[in-house]
Amino acid sequence: TATLELQDESVDQAKKLEEYVKERGGKKVLKRILIANNGMAATKAIISMKQWAYLDLGLDNVFEFVVMATRDDLEANAEFIRLADTYVEVPSGKNVNNYANVDLICEVAKAQKADAVWPGWGHASENPDLPKQLNELGITFIGPTSPVMSVLGDKIAANILAQTAGVPSIPWSGDGLTADLTPEGTIPEETFKKGLVTNADEAIACAERIGFPVMVKASEGGGGKGIRMCGTKEEIQANFPQVQSEAPPGSPIFVMQLCQGARHIEVQIVGDMHGNAVALNGRDCSTQRRFQKIFEEGPPAIVPKDTFTKMERAAQRLTQNIGYIGAGTVEYLFNADSGEFYFLELNPRLQVEHPVTEELTQVNLPATQLQVCMGIPLENIPQVRRFYGKDAADTTSPIDFMQDTYVYPEKHVIAARITAENPDDGFKPTSGRIERIKFQSSVSCWGYFSVGANGGIHEYADSQFGHIFAHGTNREEARKSLMLSLRQMSVVGDIRNPVEYLVELLGLPEFVENTIDTSWLDGLIKGKTVALQYNTFDVVFYAAVFRAVQALKKKEEDLLASLGKGQLGLLDQISGMNCFPIELAFDAVKYNFEVQRCGPDVLVFSIGGKKITTKIRQQPDGAIFVSIGNDVKKIYGMEEALGLRLRMEGIATVMLPTLYDPSELRSEFNGKVVRYLQDDGATVKEGEPYVELEAMKMIMPVKATATGAIQHTRGAGSIVSAGELLGNLELADPSKVKKITQFDGEFKLEAASAATEQAVEVDDLMAQVELALDGYQPQATPTELVQQLFVAAPPMLYSELAGKMLERYLSVEEKFLEQQKASMSLDETYLSLIAQNRDSLDTVVSVALAHSQLAVRNEVVLATLRASLAATDAASLAEP
């Protein structure tokens, strides 16, 4: 019965969807959808389409989502796989094996009987072969047709079309080219070839003609890949192979003059099957590094409204003229000083920042893509009608998208990309495990992520794994809301992330005043002018605390494991857990701490004649609360191949690098060796790139840390981990290598300086005596502790205190006395204790620790007896 009811419900929902499509003027119903993407794109698509179906149509589970999933994504616990109805495992490795493999996508779509394929962004989303092959199979491609994608998705062809349509263009390798489309909807090949460059020499010749600096761009690149800024001929020679490597094989390459001081402005367009094109406002994406967006915001407040309307109309004409279907983005460079704008490119796909537009317009873009491909006219889509101030239910009153104006948004939205990148090292990508993400949505800020708890970012994944969106009635409100949410956000795991850096950027005057341009962030990164504020002594001390806690934890775990096997060898080292050294280096200075464990949660650190007493509390999530007097800090730590990554809550995340031999060149991140840049045995200079690694679909140079003759230790194609040896250097001048100095000054820890001396209560003194009896390092000599206790305590408590101490002493030593009477050795005694406490070996460790400090315990007892006798004698003398 339950099965029949579910089937009836499914049939009913499908019928409702069919009725909606028919009422709105559509041609076909699409229900089973293959998501030919992963990560953020796949996650967002499924969430958006499900939300639209339920919130607007009241339909739950009317769509069936099939996803492709590599073994890497499955092991990373990717969120999109959980959201899908079913998945098909595909080969791992580079995206040419999976999400960019057109033949494989079509094969999966056919086998899964998909009605449609949603391509997302990146991967195969701009490959015209995909819609072509799907069309031959009778499967709908949710996007433009193959000829249109070919002509618009190709940045060279798009620039030629823009010039043909009279849209202003900046100087480039195809200056002045115009063309009428062929019957197949493409640019004539002869004209097209005039706009590209095929090698570095041609790129240099073009750059000299149009003027440096320039951008060398792959026509099929995107997302910061296949693009390099070059200011000299030498940089073109070095960067041209990188552009070729990052782009799909065979991608045409062109050269464009770098428009300096410009803003990156986007117009969000959607075209339907009926010749209409709507502009759904736009975005300002000027905060970029390496041409990869960091913040996106909208509306583009820097552009006057009348100028932005011209940009929208130009974008609509450009796409309408060639019958563009689906969502796309026309990108411009805008000069805020002159008010002029220039065509940059058209992306024939949805972009990762599209939720900014959704927030402004309340138009669900993946759902709109789906409706357009069902044949529904734009003017009949309820959300689009509401954006134009029209009755959503009406399908009789038309909208002239080239003449009518929409209701201008009365809010501002700013978005931040959350990536697995290291802001301290030029935003180089990182990969690894993610234990958890802490993010709290609010009425003014929300976000979504492509990984869940106990997930990860693998080396073939895109570096972005989260996107946060904040809104307000104006730009300043949105900025403050985003800053607040980012400050409260935390990501725990192996990867690095730029959250703290983003907070710093949002607070800079240039961003607050909206005076930035596309080169602003790259300039900050190059000059290292944005630095997290922290005190060096704080970093060093809390790093020492973390390492001390981890050292004790490791020793305790090893000891328990050993006892569980009946092995007693580590018991000889148990007293060493009370006093041990911690050595670390930071900013070329080495610090040596002596650590005393004065209780299970009390550690005393000594350095430079100064003692700092801390109370430690370890949390289940790996956090450590460190108390010094009334000051409490929350810290996290992660030991990595390159050093200790320390996060001090509310302050900063800092890397304390491992000290390596300066003649060893090591990888800074996980990746694959693409090529060495010097011959084996050749000289490389300090700060000069010596090898290129591919990581997360980016080609990244690694620079030498010293000057010398290099010897390669790996070959091209080798997979390397962070910290792995890439080369050896025969140092040109060993005397110039940076030396590590020993710290010998005053250790000025702010929290310790603020801590005040407090009167010691009887209970505190008694607790210290008990800890000494338990085998921990006493904070004074046993005799001094007992004397202080008896001085502070009223005489009426003497007998009770002495009794408690003797009882605590005997609770341990009686165990050994009984065994001695039975003529058992010490080892036999411990084995007997292990047998009695098989399920609570901590008890054995506690007994062993206390017994290992028998001399101290004896001194406590003797001091107690002397104090008791003295008190008795004093009482006798006081009697009349």
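The structure this text deals with has already been given above.
> Can you walk me through the packing of aromatic side chains in this structure?
Each aromatic ring pair is characterised by the separation of its centres together with the angle its planes make. Within this structure, the stated rule accounts for 29 aromatic pairs. Taking 5.9 Å as the distance between ring centres and 90° as the angle between the ring planes, the aromatic pair formed by Trp172 and Phe254 counts as edge-to-face. Of this pair, Trp172 sits in the loop between helix H8 (155-164) and helix H9 (189-193) while Phe254 sits in strand S8 (residues 253-257), and the two are 82 residues apart along the sequence. Grouping residues by exposure puts Trp172 and Phe254 together as buried. A ring pair is formed by Phe593 and Phe747, whose centres lie 5.5 Å apart and whose planes are at 85°; its orientation type is edge-to-face. Linking Phe593 in strand S25 (residues 589-599) with Phe747 in the loop between strand S40 (741-742) and helix H21 (750-754), this pair joins segments that are 154 residues apart in sequence. Residues Phe593 and Phe747 agree in their burial class; the two are buried. One aromatic cluster in this structure is built from Phe537, Phe541, Tyr542, Tyr591, Phe593, Phe605, Phe743 and Phe747. Positioned above the aromatic ring of Tyr408, the side-chain terminus of Lys305 is 4.1 Å from the ring centre.

> Looking at this structure, how should I read the pairing of strand S37 (residues 708-712)?
With two bridges joining them, strand S34 (residues 683-684) and S37 adopt antiparallel strand pairing. Directly across from Thr683, in S37, lies its bridge partner Ala709. Pairing between S37 and strand S39 (residues 725-731): five bridges, direction antiparallel. Paired with Gln711 across the bridge in S39 is Asn728.

> How should the nonpolar core be read in this particular structure?
Ile33, Leu34, Ile35, Phe63, Met68, Trp118 and Tyr332 are the most contacted members of the largest nonpolar core, which has 123 residues in total. The element contributing the most residues to this core is helix H2 (residues 39-57), with eight residues. Excluding its chain neighbours within four sequence positions, the residues that come into contact with Tyr332 are Val167, Arg263, His264, Ile265, Val267, Met311, Ala314, Ala315, Phe341, Tyr342, Phe343 and Leu344. Counting 59 residues, the second-largest nonpolar core is a separate cluster that includes Val549, Leu656, Tyr830 and Ile834.

> What am I meant to see in the pattern of salt bridges here?
Pairing between side chains of opposite charge can happen when the charged atoms of each approach one another. Under the defined criterion, the tally for this structure stands at 43 salt bridges. Across the pair Asp621 and Arg436 runs a salt bridge whose closest N-O atoms are separated by 3.8 Å. Of the two residues, Asp621 sits in the loop between strand S27 (610-618) and strand S28 (624-628) while Arg436 sits in strand S19 (residues 432-438), which places them 185 residues apart along the sequence. On the basis of relative accessible area, Arg436 is assigned to the partly exposed category, the value being 25%. Salt-bridge contacts for Glu640 lead to Arg645; the nearest nitrogen and oxygen are separated by 2.5 Å. Each of Glu266, Arg283, Lys293, Glu296, Glu331, Glu353 and Arg417 takes part in a single network of salt bridges with overlapping partners.

> So what exactly am I meant to see when it comes to the sheet that holds strand S1 (residues 32-35) here?
In a beta sheet, neighbouring strands are held together by backbone hydrogen bonds and run either parallel or antiparallel to one another. Strands sit in the order S3-S2-S1-S4-S5 across an open sheet of five strands; the sheet is parallel. Unpaired on one side and paired on the other, strand S3 (86-90) and strand S5 (140-141) mark the two borders of the sheet.

> How should the sheet that holds S19 be read in this particular structure?
If you walk across this open sheet you meet the three strands as S21-S19-S23, and the pairing is antiparallel. Among the strands making up the open sheet, the edge pair consists of strand S21 (455-457) and strand S23 (490-493). Each strand of the sheet is rotated relative to its neighbour by a mean of 45°, with strand direction disregarded. Strand direction decides the pairing type here: S19 and S23, joined by four bridges, are antiparallel. Within S23, the position partnered with Ile437 by the bridge is Val491.

> What's the story with the pairing of strand S20 (residues 445-449) in this structure? I'm lost.
On a regular strand, one side chain projects to one face of the sheet and the next to the other, so that they alternate. Burial of S20 is extensive: four of the five residues sit out of reach of the surface. Across five bridges, S20 lies against strand S22 (residues 464-472) in antiparallel orientation. Residue Cys445 lies in a different strand from S22, and its bridge partner there is Ala470.

> Which parts of the structure should I look at to understand unusual backbone geometry?
Comment: phi is negative for the bulk of residues other than glycine, and the bulk of peptide bonds are trans. Omega for the peptide link from Phe212 to Pro213 comes to -5°, which places this bond in the cis form. Relative to the helices and strands, Pro213 resides in the loop between helix H10 (200-210) and strand S6 (214-222). Each neighbour pair has its own omega, and for Gly298 with Pro299 the value is -5°, a cis peptide bond. Within the fold, Pro299 resides in the loop between strand S13 (295-298) and helix H12 (305-320). Phi is positive for Asn61, close to 65°, though the residue is something other than glycine. Within the chain, Asp587 stands out as a residue other than glycine whose phi angle is a positive 50°. Along the chain, Asp587 falls in the loop between strand S24 (579-586) and S25. Overall, the relative accessible area of 52% leaves Asp587 in the exposed class.

Conventions used here
- Residues numbered from 1 in each chain as written.
- Predicted model: local features only at pLDDT ≥ 70, side-chain atom pairs only at ≥ 80, totals over all residues.
- Heavy atoms only, no water.
- Phe/Tyr/Trp six-rings, centres within 6.5 Å; stacked < 30°, edge-to-face > 60°.
- Helix = DSSP H or I, 4+ residues; strand = E, 2+ residues; numbered from the N terminus.
- Buried < 20%, exposed > 50% of the residue type's maximum accessible area, 1.4 Å probe, protein only.
- Lys NZ or Arg CZ within 6 Å of the ring centre and 35° of its normal.
- Pairing = 2+ DSSP bridges.
- Core = buried A, V, L, I, M, F, W, Y, C linked by side-chain atoms within 4.5 Å.
- Contact = heavy atoms within 4.5 Å.
- Salt bridge = Lys/Arg side-chain N within 4 Å of Asp/Glu carboxyl O.
- Axes fitted to C-alpha atoms, helices over the stretch in contact; angles between N-to-C directions.

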